[in-house]
Amino acid sequence: MIRFPALLALGLLAACSSPPSAADKDAPAQAEATTLPVVIRAAYGTHRFDVEVARTPLEQEKGLMFRKELGADGGMLFPMEPPRTASFWMKDTLIPLDMLFIHTDGTIAFLKASAEPYSRIPVSAGVPVAAVLELRGGRAAELGIAEGDRVQWGGCALPGGKVTTDLNFCPTT
């Protein structure tokens, strides 16, 4: 008889829990949808990344803090609307990052290679930028990406692609 109350309680818990909603079932798809294609045209070729976007001030404040790894073609984009002089530091960031500060004309204004984890020293291009792109530390050097290379994202990065976003960056060449 002791088992019956336990089974009854378990049954009541199951009955009270709601089935997964369509939103819950689509969570992995939504997580993928939050990435944005970014293309960098460098002297040695064109490189595509699928990056997360830090839109809100809270997302931008957190950035890639506490991450233990970052994929070779992953990263995070920090759009600056309106363009402004951005300053970043690595406090609470566990992995080295390449920071690419992007001019409003789409060129890389400044590239800080392999910014040191936990550093409180601010990193800035010293000029207003349209965005900052963070990649895995050393990735820019691996691909030959340098200051002056051109960057696009969203639908502009993949012409004719099926990218639906309000974050299209299509500077003219």
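Along each chain, residue indices are assigned from 1 in the same order as the chain's sequence is written. Reporting of local features is limited, given that this is a predicted model, to residues whose pLDDT is at least 70; pairs of side-chain atoms are given and counted only at 80 or more, and all residues count toward the totals for whole chains, interfaces and linings. Note that the side-chain values use all heavy atoms of the structure and ignore hydrogens as well as water.

## Regarding the packing of aromatic side chains
Put simply, the test is: Geometry of aromatic contacts follows a simple scheme: Phe, Tyr and Trp rings, the Trp one being its six-membered ring, pair when their centres are within 6.5 Å, and the pair is stacked under 30 degrees between planes, edge-to-face over 60, tilted otherwise. Residue burial is assigned from relative accessible area. The probe radius is 1.4 Å, only protein chains are included, and a residue is buried under 20% of its type maximum, exposed over 50%, and partly exposed in between. Helix and strand assignments follow DSSP, with helices taken as H or I runs no shorter than four residues and strands as E runs no shorter than two, numbered in order from the N terminus.
For the structure on display, the rule yields four aromatic pairs. Their ring planes at 85 degrees and their centres at 4.9 Å tell us that Phe 78 and Phe 88 sit as a pair that is edge-to-face. With respect to class, Phe 78 is no different from Phe 88; both count as buried. Relative to Phe 169, the ring of Trp 153 has its centre 4.1 Å away and its plane inclined at 15 degrees; by these criteria the two rings are stacked. Highlighted residues: Trp 153 in strand E7 (residues 150–153) and Phe 169 in the segment after E7, separated in sequence by 16 residues. Exposure class is identical for Trp 153 and Phe 169. Each is buried. By the ring-pair criterion, three or more aromatic residues cluster together here, those being Phe 78, Phe 88, Phe 101 and Phe 110.

## Considering the sheet that holds E7
Which entries qualify depends on this criterion: For two strands to be treated as a pair, DSSP must find at least two bridges joining them. The convention used is that axes are lines fitted to C-alpha atoms, helices contributing only their stretch in contact, and that angles between N-to-C directions extend from 0 to 180 degrees.
Here we have seven strands laid out as an open sheet, ordered E5-E4-E6-E3-E2-E1-E7, and mixed in their pairing. Of all strands in the sheet, those bounded by a partner on one side alone are strand E5 (108–115) and E7. Going from strand to strand, the sheet's axes swing by 30 degrees on average, the running direction of each strand aside. Taken together, the five bridges between strand E4 (residues 97–102) and E5 define a ladder with antiparallel strand orientation. By the bridge assignment, Phe 101 is partnered in E5 with Phe 110.

## A closer look at the environment of Glu 142
Threshold: The term polar contact refers here to a pair of N or O atoms within 3.5 Å; inside protein, the definition further demands a hydrogen-donor-capable atom paired with an acceptor-capable atom, and it admits residues adjacent in sequence only when both atoms are side-chain atoms.
With respect to the element layout, Glu 142 can be found in helix H5 (residues 139–143). Within the local environment of Glu 142, its side chain forms a polar contact with the side chain of Arg 136, the two groups lying 3.3 Å apart. At a separation of 2.8 Å, a polar atom in the side chain of Glu 142 contacts the side chain of Arg 139.

## Comments concerning the confidence of the model for the chain
Applicable threshold: A score from 0 to 100, pLDDT tells how confident the predictor is in each residue. Should any heavy atoms of two residues lie within 4.5 Å, those residues are counted as being in contact.
Residues at a pLDDT of 70 or more form 80% of the chain, whose mean pLDDT is 83. Below a pLDDT of 50 lies the segment residues 1–33, which in the model reaches two contacts outside its immediate sequence neighbourhood of four places, other chains included.

## Focus: the state of the cysteines
Here is the rule: Disulfides are defined in this document as cysteine sulfur pairs within 2.5 Å.
As enumerated under the stated definition, the model contains one disulfide in all. Between the sulfur atoms of Cys 156 and its disulfide partner Cys 170 the distance amounts to 1.2 Å. Residue Cys 156 is located in the segment after E7, and its partner Cys 170 is located in the segment after E7; the two are separated by 14 residues in the primary sequence.

## A look at the side chain of Arg 139
Here Arg 139 is to be found in helix H5. Engagement of the side chain of Arg 139 in a polar contact is seen with the backbone oxygen of Ala 72, the distance being 2.8 Å. Each residue touching Arg 139, except ones within four places of it in the same chain, is listed here: Phe 49, Ala 72, Asp 73 and Asp 98.

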